[in-house]
Structure formats: structure tokens, C-alpha cells
Amino acid sequence: MSRYSFQHSIKSRAGTNDDLLIQVLDGLLSRYLDRVPDASRIVAIVQARGDRIINDHIAFRSIHIESILTIFLHLGYEVRFDHSTGQPFNFEQKKLTAVWLKHPNKNVPRIFVSQFRFTEGSEQLQKIIGKYLKDWKDPINDLDLNDAQAINEYLHTAQWPTPTYSDYLEIQKESEYVAWVLFNKYYLNHFTLSIHELSSFEFESDLVEVINNYQKSYHKTKSLDVIVDAQNMLFRKYRKHFKAFNDFLFDHKFHMNSVGDGVMNISPDHCLLQSSTKANEIMASFPDGNYSVPGSYVEFAYRGFSKDTITKLVRANVPIIDLSIENRRDGFETQNADRIFESTYLGKETIINNSQSAYVDSCKKIINFLNHFNEYN
């Protein structure tokens, strides 16, 4: 069984820098698979069923979100915001601002990038972080963005001193996110397996049967109730399919990130379902000793068809097989992502008051950066 590579799932387009992008993604993936035993095992058991590995998205946590954007905008990505607000995502309790990136090559995974709003941190947190970042000079402006090896070295090399374990623990009390970034750098935070693409589970054939039945009913009655019933039935199918896959993971003894009484995170429109493993522990070397800390994890995403797409399917008598990846639910959902973040959490955070102005300022910085980037590129 071959080791998974993005070359297996991305077809490079002529006249683009897709080959460079694939090299960068494979560099990230190689270290991630070596570092996250759960990821390698999931790839193996899914491939053993005869399924192709399709990556829905990858994610980065950052000290400076513009640094990550600089790299991936150069590689052809475009920035997207929260579909419900038209602004960057706001994770109020965790004090995070985030965006997602989409590539014109439909086979390239999405990217989710987030950043902590340091001005919302306590005085103690800012004092500790300042100690490690006071001499930081981000080398991003001197980075050769056409050199895949240089990009991967940048993303995997600490640009600030490794904190002491005592400082790590002190930061962790307030923000497990910041503690993770300060130690783990810009390592790939997670890889996301696209669940609806797994043919061995026969999810698509199940949806085809439902759509065929409702198409026949609608063309006999022309009743809008048939469309509503079709939508609700498919939403139940999405949940059933995703539960079946998560049960498959439980059967293989994976430790999942639980939310309430379950592991599934479902968007309000019922069309984006996500779950994740709990982060593998890694042995970390600190100046004051070696200790176990959370590393990276694996996420799973099921993207269903939206209400509008289901309506068109039923009315127009269009086979699901004729639909492309663009017809599935795109983007991300704040409430889902908020819980997925906790895949690396130990539950130690103390909640500090939030500041809306800090979120507004972070949005302005991102938008100004994008305007400047677009002006000079």
C-alpha cells in the first residue's frame, strides 16, 4: 500500500504553479503523517477498503495570520469569509479570528487559518508571550515563495524560542490555543478526510435512491411538500451516513473529540457534518525538561447537498451523478469549528472577558493586508 500523497488526488493544470503547490502540500503532509499516528492509521484502514483519500481541508493556527496568507495567496488560493456575516470568523470565547481559502483547482483542499487576538489576553499572558516574541522578526518577506523546500522549512522551523514548560502551563491556563502554537509552530494542525467521497460505504447510492423516488413523486404531483420531504429525508441520510463512519472509527478504537453526548458537529443548515480525533500526545522537549503535550489530530467532514440543490434535483430530474463537487455545501461554520478547535484542548482554560474592538481591529488588518496584496500582485 503506497504512502498517501497529494499527487494522488490533485491533477496539476497547465500554465499554473499547481506543481509547486503540490510539493508544498506534500511537504506538510509528510511531516504530519510521521507526527500523527492516528492519521497514518486512518489512511491505511480507508485505503484497505479500496477508497481514495480525498482531503477536504487542512488547517493552520498562527501567531501572524498574514504570514500564512502570503504563502498560499501566492500559490493561487483566494480568501473567503464567514458566509453568514461576510467578515472573518469570530470565535468570541476563544478570542480567535479566522478565514478560509479556496483554490481554483477544484481538487485542491481548502485551507482554514486562524489567529489569537493577543490584545484580548490577560496582562500575564501578554507578558509571557512578549518575552518570547519581543525579538521576533518574521522572515516571510525574504522567503522565496517559488521554493517548496524553503516554504516547508519556514512552516516547520521555530522563529521564537521554545517556552519553558512552566510558561507553557501558565499560558495553557488561559489559552490552550496559544500554548499549542507557541510550542508547535506552524505545523499542520489537522488534515480532514472527505467522508462523502468514500465509495466503499455506498453513501452516494443511498442518496441516489432517495432522489430517484422523490423525483418520481414530484413529477406525478408537482407538490412542494414532496420537495420539503426530500430535503428532510436527505438531511437524515447525511446524519445516518456520518454516524456510520464515526461508528467505524469507534470500532477501530480511535479516541474521538466528544461534544456533549456525541462526536458529531452539524451546521444549522444540516449540510456540513464534522468530527475529529482527540490530538495525539507528543513528547516535547522544553528548556526545563521533556513533557507530553497535545500535537495534531485528524478531522472528518461530510458535505451534503443544500436545500436549493435538492430542490433543483427533484424538480429538474437531474441525476446526482451529473453533479460536481461545487454542488456540495462549501465553506465552514463557526459553531462546528469552535468545537473542532478543542481536539487539542485539555479543558484547562479560564475565560477572560472579550473585547469586540479587538475582533474589529483584526478584521481591518486582514482586509488591509488583502487590499495591499492584491494591489501589488
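Predicted model only: the values in this text are computed from it and were never measured.

So, how was this worked out
- The numbering scheme is per chain: residues are counted from 1 as the chain's sequence reads.
- Totals for whole chains, interfaces and linings use every residue, but because this is a predicted model, local features are given only for residues with pLDDT of at least 70 and side-chain atom pairs only at 80 or more, for both listing and counting.
- Side-chain metrics rest on all non-hydrogen atoms present in the structure, leaving aside hydrogens and water.
- Helical segments are the DSSP runs of H or I of at least four residues, strand segments are the runs of E of at least two, and each set is numbered from the N terminus.
- Every radius of gyration here is taken over C-alpha atoms, with the globule rule written as 2.2 Å times N^0.38, N being the number of residues.
- The buried label goes to any residue with under 20% of its type's maximum accessible area, the exposed label to any with over 50%, and the partly exposed label to all in between, with areas taken from a 1.4 Å probe on protein chains only.
- Axis lines are fitted to C-alpha atoms, over the contacting stretch for helices. Their N-to-C directions set the angle, which ranges from 0 to 180 degrees.
- Every angle not falling under 35 degrees, over 145, or within 65 to 115 is termed oblique; those three ranges are roughly parallel, roughly antiparallel and roughly perpendicular.
- The contact criterion used throughout is that any non-hydrogen atoms of two residues lie within 4.5 Å.
- The term salt bridge refers to a pairing of a side-chain nitrogen on Lys or Arg with a carboxyl oxygen on Asp or Glu at a separation within 4 Å.
- Polar contacts, as counted here, are pairs of nitrogen or oxygen atoms within 3.5 Å of one another; within protein the pair requires one atom able to donate a hydrogen and one able to accept it, and residues that are adjacent in sequence qualify only if both atoms are side-chain atoms.
- A pair of aromatic rings is counted whenever rings of Phe, Tyr or Trp (Trp by its six-membered ring) have centres within 6.5 Å, and the orientation is called stacked for planes under 30 degrees apart, edge-to-face for over 60 and tilted otherwise.
- Only when the NZ atom of a Lys or the CZ atom of an Arg is both within 6 Å of the ring centre and within 35 degrees of the ring normal do we say a charge sits over the ring.
- Two strands pair under a simple rule: DSSP has to find at least two bridges between them.

Colleague: Explain the overall build of the protein here, please?
Modeller: Along the protein, the regular secondary structure elements total 12 helices and 11 strands. In summary, the protein has a C-alpha radius of gyration of 22 Å against a globular reference of 21 Å for 377 residues, a match within 12%. In terms of overall dimensions, the protein has C-alpha extents of about 70 × 50 × 45 Å along its principal axes. The proportion of buried residues among the 377 residues of the protein is 55%.

Colleague: Please clarify how the packing of helix H1 (residues 18-35) against helix H2 (residues 37-48) should be interpreted in this entry.
Modeller: Angle between the axes and distance between the axes are the two parameters that describe a pair of packed helices. Axis separation between H1 and H2 bottoms out at 5 Å; the angle between their running directions is 100°. Between H1 and H2, the angle is such that the two are roughly perpendicular. Seen from H1, the contacting residues are Tyr32, Leu33 and Arg35; seen from H2, they are Pro37, Ala39, Ser40 and Val43.

Colleague: Explain the pattern of salt bridges to me, please; I cannot follow it from the model alone.
Modeller: Note that side chains of opposite charge can pair when their charged atoms are close. All chains considered together, the criterion is met by 18 salt bridges. With a shortest N-O distance of 2.7 Å, Lys131 and Asp167 are connected by a salt bridge. Note that Lys131 is positioned in helix H4 (residues 123-133) and Asp167 in helix H6 (residues 165-174), a separation of 36 residues in sequence. Taking the relative accessible area as the measure of exposure, Lys131 reaches 45% and is therefore partly exposed. Given a relative accessible area of 12%, Asp167 falls into the buried group. What emerges from the salt-bridge pattern is a single network uniting Asp56, Lys102, Arg110, Arg303 and Asp330.

Colleague: For this particular structure, what's the right way to read helix H5 (residues 148-156)?
Modeller: Three or more residues of H5 are buried, namely Ala148, Ile151, Asn152, Tyr154, Leu155 and His156. For H5, the secondary structure elements touched by its buried residues are H1, strand E1 (55-62) and helix H3 (65-74). Near the N-terminus of H5, the side chain that reaches the backbone nitrogen of Gln149, with its oxygen 3.0 Å away, is that of Asp147.

Colleague: Is there a simple way to think about the packing of aromatic side chains in this case?
Modeller: For any pair of aromatic rings, geometry is given as the distance between the ring centres together with the angle between the planes. Following the criterion strictly, the structure yields 32 aromatic pairs and no others. Arranged with centres 6.1 Å apart and planes meeting at 25°, the rings of Tyr32 and Phe191 form a pair that is stacked. Taken together, the positions of Tyr32 in helix H1 and Phe191 in strand E6 (residues 190-194) put the pair 159 residues apart, joining distant regions of the chain. For the pair Tyr32 and Phe191, one class covers both residues: buried. A ring pair is formed by Tyr165 and Tyr291, whose centres lie 3.7 Å apart and whose planes are at 5°; its orientation type is stacked. Of the two residues, Tyr165 sits in helix H6 while Tyr291 sits in strand E10 (residues 289-294), which places them 126 residues apart along the sequence. Among the aromatic residues, ring-to-ring pairing joins Phe201, Phe203, Phe235, Tyr238, Phe245, Phe248, Phe300 and Tyr302 into one connected group. It is Arg49 that lies over the ring of Phe201; its NZ or CZ is 3.8 Å from the centre. We note Arg303 situated over the ring of Phe332; from NZ or CZ to the ring centre the distance is 5.4 Å.

Colleague: Please explain helix H7 (residues 176-184) as it appears in this structure.
Modeller: Within an α-helix, residues lying three or four positions from one another point in the same direction, as the helix has 3.6 residues per turn. Of all nine residues making up H7, nine are buried, and the element is well covered by its neighbours. Count one or two residues on from H7 and you reach Lys185, which has phi positive near 65°.

Colleague: Please explain the pairing of strand E5 (residues 110-116) as it appears in this structure.
Modeller: Regular strands place their side chains on alternate faces of the sheet. With respect to burial, E5 is a largely interior element, seven of its seven residues being buried. Across the two faces of E5 the burial is the same, with Arg110, Phe112, Ser114 and Phe116 and Ile111, Val113 and Gln115 all buried. When E1 meets E5, the two strands line up parallel, connected through six bridges. Looking at the pairing, His57 lines up with Arg110 of E5. Note: strand E4 (residues 96-102) against E5, six bridges, orientation antiparallel. Looking at the pairing, Ala98 lines up with Ser114 of E5.

Colleague: Would you mind showing me how to read unusual backbone geometry here?
Modeller: Residues apart from glycine generally show negative phi values, whereas peptide bonds are mostly found in trans. Positive phi, normally seen in glycine, also occurs at Glu202, with a value near 60°. In this structure, Glu202 sits in the loop between E6 and helix H8 (203-221). With a relative accessible area of 55%, Glu202 lands in the exposed category. At His270, a position not held by glycine, the phi torsion is positive, near 70°. The residue His270 is located in the loop between strand E7 (265-266) and strand E8 (272-276) in this model.

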